[in-house]
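Structure at a glance
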Amino acid sequence: MKRATAVRTAEQVAQRCAHVAAQPAGIVRLRVVEAWLWGPLLGPPVEEVPDDGGVSVALVCAESAEDCAWGTVPPGAGQWLAASGLTRRPVHLVFRAAGQPVWNHAVTRPVRLWSAADGTDEDVLRAVGEGAAEDLRPPAPSPDELARRLEAELTASLAAVRRTSAEHDAHRWAPGSPVGWADALAAAVRGYLELLDAGTRDSRR
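This section reports on the structure supplied with the text.

Calculation notes
Residues numbered from 1 in each chain as written. Predicted model: local features only at pLDDT ≥ 70, side-chain atom pairs only at ≥ 80, totals over all residues. Heavy atoms only, no water. Buried < 20%, exposed > 50% of the residue type's maximum accessible area, 1.4 Å probe, protein only. Helix = DSSP H or I, 4+ residues; strand = E, 2+ residues; numbered from the N terminus. Pairing = 2+ DSSP bridges. 1 Å grid on protein atoms, 1.4 Å probe; cavity = no way out; pocket = protein on both sides within 12 Å on 5 of 7 lines; lining within 4 Å. Points joined across faces, edges and corners; volume = space filled by probe spheres on them. Contact = heavy atoms within 4.5 Å. Axes fitted to C-alpha atoms, helices over the stretch in contact; angles between N-to-C directions.

**Section: the pairing of strand β2 (residues 56-61)**
When you tally the buried positions in β2, you get 6 out of 6 residues, the bulk of the element. Burial along β2 is two-sided: Ser56, Ala58 and Val60 and Val57, Leu59 and Cys61, pointing in opposite directions, are all buried. Looking at chain direction, strand β1 (residues 32-38) and β2 are connected through 6 bridges and run antiparallel. The residue bridging Trp38 from the neighbouring strand is Ser56, located in β2. Looking at chain direction, β2 and strand β3 (residues 92-97) are connected through 6 bridges and run parallel. Looking at β3, one finds that Leu59 is bridged to Phe95.

**Some words on the layout of surface pockets**
Reported here for the largest pocket is a volume of approximately 260 Å³. In terms of lining, the largest pocket is formed by Asp67, Gly71, Thr72, Val73, Pro74, Pro75, Arg163, Thr164, Glu167, Trp181, Ala184 and Ala187.

**Digging into the sheet that holds β2**
Spatially, the 5 strands line up as an open sheet ordered β3-β2-β1-β4-β5, and their pairing is mixed. Edge positions in the open sheet fall to β3 and β5 (119-120), since each of these has one partner strand only. Direction of pairing for β1 relative to strand β4 (residues 111-115): antiparallel, over a ladder of 4 bridges. When the bridges of β4 are listed, Ala35 appears paired with Trp114. Taken strand by strand, helix α3 (residues 122-130) contacts β1, β4 and β5, and its axis lies near 130° from that of β4.

The following block contains the structure:
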């Protein structure tokens, strides 16, 4: 997509996060408290960014690390996504738990775009538009820091695999379609395997 489109998409992410945050918890249960940009849009300015992952956003939620295990979606995410309308925009979303680092092996050197407490960070949005976001990015973690982060994420991910496996088994023969439970289990397993692969690559460096 054109860079200008990607920048507008980042601005829309902040706007939609603010819109949903203003809804009562009784209407939208999931509370997204921050949105962080990562990926190609933060890199050197180019005329076009990839359609897939060009605008990548980490949504920080007031949920546990297990509920936001890598590659999964927390309870209430479907409702939040429907209310935000972001699934209809060219943006790659991942969910992260509040109180945990946003970054990991994939979410590299992210920059906070929006928070429920402070609103949109206009300096970040301006820097992204000018192709100067690199100056705002934090330094990359050390190998030891990354290894510790992956270990913590693997613990949460394995717990999510065990939980979704038990839920799938419990609902497999229940009335209604088991597809939702199977999809949740598959997402948890894929996330766990990705973390394992990332840890293997890191240990070989």
